[in-house]
Amino acid sequence: MTYVSADRVSGPSRRAALAGLVGGAGAAVLAGCTSRGAKPANAPTPSGARSPQAQAGDPTPGAMTLFKDPAFNFNGLLALGGSGAGSAEVGEVLTAVNAINKAGLSSQTYVETFRKLGDQLMEPPEGSKPDDQTTRFRALRAAQYYGQALFFVLGSDDPGSEEDLYKAGRGAWDKFCDLCDPAPVKANVPYGRTPLPVWFFRPDPSNTRRPTVILTNGSDGQNVDMWTYGVPAALERGWNALVYDGPGQGQLLFVDQVVFTPTWEKVVGPLVDWLSKRSDVDASKIGLTGLSMAGDLAPRAAAFEDRIAALVAMPGCVDPWLGFPAEIRQILTPSKEETNEIWNKEVVPQLPPDAAATMKKRIEPFSIPAMLAAREGKMFTDFYTPARLIQSLKITDVVPRIKMPTLVLDYEDEQFYPGQPQQMFDALTAPKDYVKLTAAQGAQLHCSPMAPQLHCEVVFDWLQGTLG
């Protein structure tokens, strides 16, 4: 980490940093540590802006470019990719894309279009009486589209609707789950003062002991993403799958107001406790996956939770702070007072609305005051505290402690954590494998948004081979 004081960074160089934020670096900020399971972060960058990786060669050529803006495009591709798991419909997504482009791409048009689509799907289809299967999968798709709207709502005309929009998506997800056969077991697992909501999916309701995978979401992801990236793949192989909201995610963030923690083993430990007491779980065969920024969280947990039998990092991430452009990282100094003075007096006044919305989205999972300010249309004033929390997620020193077999995924044109999967793989001392998904497979970009089925094949073939 390079610290730069206010005395050393003059006005012209600071302006250069801001130019980086709203240009190429701004695209990187926007895409950032996500989750949608890694999703990228929010709000638009200037139309046509490209990430540093995209400058070397377009990672989304031809029909893969739904929107000219790479952040919106990444989210659109994530929605489109969910079609294979039933969590989207190709025609619905492409129709929404056309409507947004016709209206003029912005956070507002994106939110309006996808929220309306979610609302429509929560109602019966026109001219028919839907059975439970129709209602079920309409609700799943609605959860996807509400999640799409939620991702950009802080940059819209109504940022204060964020919690209501989250609840709409959560309601759609729960409706889908209630209509599954068998329905997942819903529970609240003790964790500090705020329990963790969990959804435990099983192939059938028998007491047969089965391998189980704990699916960990990233930053800004929703439960529907864990369906796309693992639940059906687990069930089809006779595995159980556990979906949960941890600190900084879903209910814990948007409703309970609990931010991310660097000690993720304290999150996973209670989940393993809960699973181990169940008669339908083989406690010796519990796998753990981490999507997007959870490619940092899950390995951290596995380093200190030896009951995990196999680990998958998707992708490997050892330092989420490096997912922010250097121009942003340079704002942080050893002094809280100095840092916040730079932020509030030199940076914020020059941020255009799109870059400001980007920073609000990127920071909210790490700062409740930042989230609440953003809902009021205001910029947060304390940059230092959330920045230091993000820094604390660095796991370079603990990766060698991991003892269970580990699969590290990487992606061609990885735009959030380039180089970090290889760094994690090299640091591992446990049995390990490395797989890079490529553009030749249509699986490029962070978390392979256009190829989640291929992604699941790689992950679950490895888990099946490792745990049996």
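What you are looking at is a predicted structure, and each value in this text was computed from that prediction instead of being measured. (Residues numbered from 1 in each chain as written. Predicted model: local features only at pLDDT ≥ 70, side-chain atom pairs only at ≥ 80, totals over all residues. Heavy atoms only, no water.)

(A) Highlighting the overall build of the chain. A count of helical and extended segments in the chain gives 20 helices and 8 strands. Here the chain, with 468 residues, has 61% of them falling under the buried criterion. Across the chain, contacts joining residues at least 24 apart in sequence account for 75% of those joining residues at least 6 apart. A total of about 16600 Å² of accessible surface is found on the chain, and carbon and sulfur atoms cover 50% of it. (Helix = DSSP H or I, 4+ residues; strand = E, 2+ residues; numbered from the N terminus. Buried < 20%, exposed > 50% of the residue type's maximum accessible area, 1.4 Å probe, protein only. Contact = heavy atoms within 4.5 Å. Areas by Shrake-Rupley, 256 points an atom, 1.4 Å probe, with all protein chains shown as cover.)

(B) Structural view of the side chain of Thr212. Inspection of the secondary structure assignment puts Thr212 in strand β3 (residues 210-216). Taking the relative accessible area as the measure of exposure, Thr212 reaches 0% and is therefore buried. Thr212 has contacts with Phe200, Trp239, Asn240, Leu275, Val281, Lys285, Ile286 and Gly287, leaving out every residue within four places of it along the chain.

(C) The packing of helix α5 (residues 90-103) against helix α6 (residues 107-121), seen in detail. The interhelical angle for the contact between α5 and α6, taken along N-to-C directions, is 145°, at an axis separation of 9 Å. Where α5 crosses over α6, the handedness of that crossing is right-handed. Residue-level inspection shows Glu92, Ala96, Ala99, Ile100 and Ala103 of α5 in contact with α6, the latter providing Thr109, Tyr110, Thr113, Phe114, Leu117 and Leu121. (Axes fitted to C-alpha atoms, helices over the stretch in contact; angles between N-to-C directions. Left-handed = near helix turned anticlockwise from the far one by under 90°.)

(D) Broad picture of the nonpolar core. Of all hydrophobic cores here, the largest spans 141 residues; its most connected members are Trp173, Phe201, Ile214, Trp343, Phe383 and Leu463. Considering each element in turn, this core owes the most residues, 10 residues, to helix α7 (residues 132-152). Beyond its immediate stretch of four places on either side in the chain, Leu463 contacts Val213, Trp239, Thr289, Ala310, Val312 and Gly468. (Core = buried A, V, L, I, M, F, W, Y, C linked by side-chain atoms within 4.5 Å.)

(E) The arrangement of the packing of helix α4 (residues 70-81) against α5 in detail. One way to put it is that α4 packs onto α5 with a least axis distance of 9 Å and a crossing angle of 160°. Taken as axis vectors, α4 and α5 run roughly antiparallel relative to one another. The two elements α4 and α5 cross, and the hand of that crossing is right-handed. From α4, Gly76, Ala79 and Leu80 reach across to α5, where they touch Val90, Val93 and Leu94. Considering only residue class, the contact of α4 with α5 consists of 5 nonpolar, 1 polar and no charged. (Parallel < 35°, antiparallel > 145°, perpendicular 65-115°, else oblique. Nonpolar A, V, L, I, M, F, W, Y, C, P; charged D, E, K, R; others polar.)

(F) Highlighting the pairing of strand β7 (residues 406-411). Burial within β7 is extensive, with 6 of its 6 residues counted as buried. What you see with β7 is no split at all: Thr406, Val408 and Asp410 on one side and Leu407, Leu409 and Tyr411 on the other are buried throughout. Pairing analysis gives 6 bridges linking β7 to strand β8 (residues 432-437), with the strands arranged parallel. Residue pairing across strands places Thr406 opposite Lys432, the latter belonging to β8. In terms of handedness, the path from β7 via helix α19 (residues 420-427) over to β8 forms a crossover that is right-handed. (Pairing = 2+ DSSP bridges. Right-handed = clockwise from strand over helix to strand, strands pointing away.)

(G) Region of the structure containing helix α20 (residues 452-467). Helix length check: α20 (16 residues) gives 22 Å between terminal C-alpha atoms against 22 Å at 1.5 Å per residue, within 8%. Inspection of α20 places Pro452, His455, Cys456, Val459, Phe460, Trp462, Leu463 and Leu467 among the buried residues, and these make up the whole buried set. Mapping the buried residues of α20 onto a view down its axis gives an arc of 155°, with all of them on the same face. Away from the buried face of α20 by more than 90 degrees, exposed residues Gln453, Asp461 and Gly465 are located. Backbone geometry just after α20 places Gly468 at a positive phi near 80°. (Expected span 1.5 Å × (residues − 1). Arc of directions from axis to C-beta.)

(H) Spatial organisation of unusual backbone geometry. Looking along the chain, the bond that leaves Asp181 and enters Pro182 is cis, with omega of 0°. Looking at the element boundaries, Pro182 is found in the loop between α8 (162-178) and β1 (185-189). With an omega of 5°, the peptide bond running from Met314 to Pro315 counts as cis. Take Pro315: it is sitting in the loop between β6 (310-314) and α14 (326-329). Here the phi dihedral of Asp220 falls at roughly 75°; this positive angle occurs in a residue that is not glycine. Its location among the elements puts Asp220 in the loop between β3 and α9 (223-228). By relative accessible area, Asp220 is classed as buried at 8%.

(I) Structural view of the pattern of salt bridges. Under the definition given, this model contains 18 salt bridges. For Arg210, the salt bridge goes to Asp204, with nearest N and O atoms at 2.6 Å. Notably, a salt bridge pairs Lys361 with Glu364, separated by 3.2 Å at the nearest N-O pair. The pair formed by Lys361 and Glu364 is uniform in burial state, with each residue classed as buried. Among the ionic contacts, a cluster of salt bridges with common partners joins Glu162, Glu163, Lys167 and Arg375. (Salt bridge = Lys/Arg side-chain N within 4 Å of Asp/Glu carboxyl O.)

(J) Geometry of the packing of aromatic side chains. As enumerated under the stated definition, the model contains 26 aromatic pairs in all. When the ring of Trp239 is compared with that of Phe460, the centres are 6.5 Å apart and the planes differ by 85°; the resulting orientation is edge-to-face. With Trp239 in the loop between α10 (231-236) and β4 (240-244) and Phe460 in helix α20, this residue pair connects regions lying 221 residues apart in the sequence. With respect to burial, Trp239 and Phe460 carry one shared label: buried. Pairing Trp321 with Phe324 gives two aromatic rings, centres 5.3 Å apart and planes at 40°, and the pair type is tilted. (Phe/Tyr/Trp six-rings, centres within 6.5 Å; stacked < 30°, edge-to-face > 60°.)

(K) Examining the sheet that holds β6 more closely. With mixed pairing, the 8 strands of this open sheet are ordered in space as β1-β2-β4-β3-β5-β6-β7-β8. In the strand order of this sheet, the two ends are held by β1 and β8, each with one partner. Strand after strand, the sheet turns through a mean of 20° between neighbouring axes, direction not considered. Here β1 runs beside strand β2 (residues 196-201); their pairing, made up of 5 bridges, is antiparallel. Note on β2: the bridge partner recorded for Lys186 is Trp199.

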